[in-house]
Amino acid sequence: MLVLLGLLLGGARAEAACIAETYEGNDYTVCRFDLRQDHLQLFSLDGNGEPYGSFAALTVALQDKGQHLAFAMNAGMYGEDLKPVGLYIEAGRTLHKLNRRNGPGNFHMKPNGIFFIDGSKAGVMETEAFAASGSRPQFASQSGPMLVVDGQIHPRFSPDGTSLQRRNGVGAPDGHTLVFVISEDWVNFHSFARLFKDRLNCPNALFLDGSISSLHAPEINRSDAFAPLGPIVALVKGP
């Protein structure tokens, strides 16, 4: 299905390529981007230094510039102030440093990781590997836990895990492609990770969040507004 749709859309699609996908009985929406033609960006704070907090607010800000929000998804964990809790780089500026601390919650279920965008290059890396690489990408967001690390599912995930959530994440099947997924059903971590590893062929994939997981995709008439959002990854069209 993914390959066929890509052929039908061709290289000059006007909107995000988001399609329905069913795997092991669970429904997902899968959005695939080739960074050689899709210029994704990260957004956190508006012109007044305040978090956008929603797709609607980002849409209005872009419209004021004559631009159009073609795709967006929540893009990493954040605190009560809606600001990132881990590494966050926007347009080359590091707005929050790398977080290597231990602690409770999903973010600290190590290994956690980072997804990054640097021109036509993109990827997902485990945090310590990213730190060792010395990489300085144009955009980056840290979240956790990793779903898949070098082709292996996170060691703390169980196939029988009872924590079921609506989840979203990002995987990198190669060095210029990012695949963003949101579950339409409540799934556990292991099920979500298997989708990235076995169906989407992503050797590395990162959990972005659960329960607040949100997608903006006008091509399928969808713009979620479940809860306030922190960092947002987006495809913007226009000048």
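Check the entry above for the structure.
Residues numbered from 1 in each chain as written. Predicted model: local features only at pLDDT ≥ 70, side-chain atom pairs only at ≥ 80, totals over all residues. Heavy atoms only, no water.

## Details of the overall build of the chain
Thinking step 1. A tally of regular secondary structure across the chain gives 4 helices and 17 strands.
Thinking step 2. On C-alpha atoms alone, the chain measures out to a radius of gyration of 16 Å, which is about the 18 Å that the 2.2 N^0.38 rule sets for 239 residues.
Thinking step 3. In terms of overall dimensions, the chain has a C-alpha envelope of 50 × 40 × 35 Å along the principal axes.
Thinking step 4. Expressed as a percentage of contacts within the chain between residues at least 6 apart in sequence, the contacts between residues at least 24 apart total 70%.
Thinking step 5. When the accessible surface of the chain is split by element, carbon and sulfur atoms take 51% of a total near 10500 Å². (Helix = DSSP H or I, 4+ residues; strand = E, 2+ residues; numbered from the N terminus. Rg over C-alpha atoms; globule rule 2.2 N^0.38 Å. Contact = heavy atoms within 4.5 Å. Areas by Shrake-Rupley, 256 points an atom, 1.4 Å probe, with all protein chains shown as cover.)

## Comments concerning the layout of surface pockets
Thinking step 1. Size it by volume and the second largest pocket reaches roughly 200 Å³.
Thinking step 2. Considering the residues around the second largest pocket, the lining is formed by 14 residues, among which L42, F43, L45, E90 and A91 are closest to the centre.
Thinking step 3. Taken together, the residues of the lining of the second largest pocket break down into 9 nonpolar, 2 polar and 3 charged. (1 Å grid on protein atoms, 1.4 Å probe; cavity = no way out; pocket = protein on both sides within 12 Å on 5 of 7 lines; lining within 4 Å. Points joined across faces, edges and corners; volume = space filled by probe spheres on them. Nonpolar A, V, L, I, M, F, W, Y, C, P; charged D, E, K, R; others polar.)

## Section: the packing of aromatic side chains
Thinking step 1. Under the criterion given, the structure shown has 10 aromatic pairs.
Thinking step 2. Their ring planes at 50 degrees and their centres at 6.2 Å tell us that F116 and F130 sit as a pair that is tilted. Highlighted residues: F116 in strand β7 (residues 113–118) and F130 in helix α3 (residues 127–133), separated in sequence by 14 residues.
Thinking step 3. Taking relative accessible area as the criterion, F130 reaches 5% and is therefore assigned buried.
Thinking step 4. Aromatic side chains F192 and F196 sit 5.3 Å apart centroid to centroid with 80 degrees between the ring planes, which places their arrangement in the edge-to-face category. Of this pair, F192 and F196 both sit in helix α4 (residues 189–199), separated by 4 residues, roughly a single helical turn.
Thinking step 5. Grouping aromatic residues by their ring pairs yields a cluster made of F33, F71, F115 and F180.
Thinking step 6. Stacked on the ring of F189, the Lys or Arg R167 has its end atom at 4.0 Å from the ring centre. (Phe/Tyr/Trp six-rings, centres within 6.5 Å; stacked < 30°, edge-to-face > 60°. Buried < 20%, exposed > 50% of the residue type's maximum accessible area, 1.4 Å probe, protein only. Lys NZ or Arg CZ within 6 Å of the ring centre and 35° of its normal.)

## A closer look at the state of the cysteines
Thinking step 1. A full pass over the atoms with the stated rule returns 1 disulfide.
Thinking step 2. The disulfide bridge from C18 ends at C31, spanning 2.1 Å between sulfur atoms. Here C18 and C31 share a disulfide; its torsion about the S-S bond, 115 degrees, makes the bridge right-handed. With C18 in strand β1 (residues 17–23) and C31 in strand β2 (residues 26–34), this pair connects stretches of sequence that are 13 residues apart. For the pair formed by C18 and C31, the shared burial category is buried.
Thinking step 3. Summary of cysteine pairing: C202 is not part of a disulfide, and the nearest cysteine sulfur, belonging to C31, is at 13 Å. (Disulfide = S-S within 2.5 Å.)

## Looking at the sheet that holds strand β17 (residues 232–237)
Thinking step 1. Judged by pairing direction, the sheet is antiparallel, and its 5 strands sit side by side in the order β3-β17-β4-β15-β16 without closing on themselves. Two strands close off the open sheet at either side, each with one partner strand: β3 (40–43) and β16 (222–223).
Thinking step 2. Here strand β4 (residues 68–74) pairs with strand β15 (residues 215–217) via 2 bridges, running antiparallel. Note on β15: the bridge partner recorded for A72 is H216.
Thinking step 3. Strands β3, β4, β15, β16 and β17 of the sheet are contacted by helix α2 (residues 55–63), whose axis makes an angle of about 150 degrees with β4. (Pairing = 2+ DSSP bridges. Axes fitted to C-alpha atoms, helices over the stretch in contact; angles between N-to-C directions.)

## Considering the nonpolar core
Thinking step 1. Among the nonpolar cores identified, the biggest contains 29 residues, and L40, F71, F115, L178, F180 and V233 are the most heavily contacted of them.
Thinking step 2. Those residues in contact with L40, other than ones at most four positions away along the chain, are F33, L35, F71, I117, F139, L178, F180, V233, A234 and L235. (Core = buried A, V, L, I, M, F, W, Y, C linked by side-chain atoms within 4.5 Å.)

## Details of the environment of K97
Thinking step 1. Looking at where K97 falls in the secondary structure, it is placed in the loop between β6 (93–96) and β7.
Thinking step 2. Along the chain, K97 and Y23 lie 74 residues apart, while their C-alpha atoms are 36 Å from each other.
Thinking step 3. Beyond its immediate chain neighbours, meaning those up to four positions away, K97 contacts G86 and L87.

## Re unusual backbone geometry
Thinking step 1. Of the consecutive residues K110 and P111, the connecting peptide bond is found in the cis state with omega at 5 degrees.
Thinking step 2. Along the chain, the position of P111 falls in the loop between β6 and β7.
Thinking step 3. Omega for the peptide link from G144 to P145 comes to 5 degrees, which places this bond in the cis form.
Thinking step 4. By the element assignment, P145 lies in the loop between β9 (139–143) and β10 (146–149).
Thinking step 5. Phi angles above zero are rare outside glycine, and D150 is one such case at about 50 degrees.
Thinking step 6. The topology assignment puts D150 in the loop between β10 and β11 (152–153).
Thinking step 7. By relative accessible area, D150 is classed as exposed at 62%.

So far we have only geometry, and geometry alone does not tell us how the molecule works.
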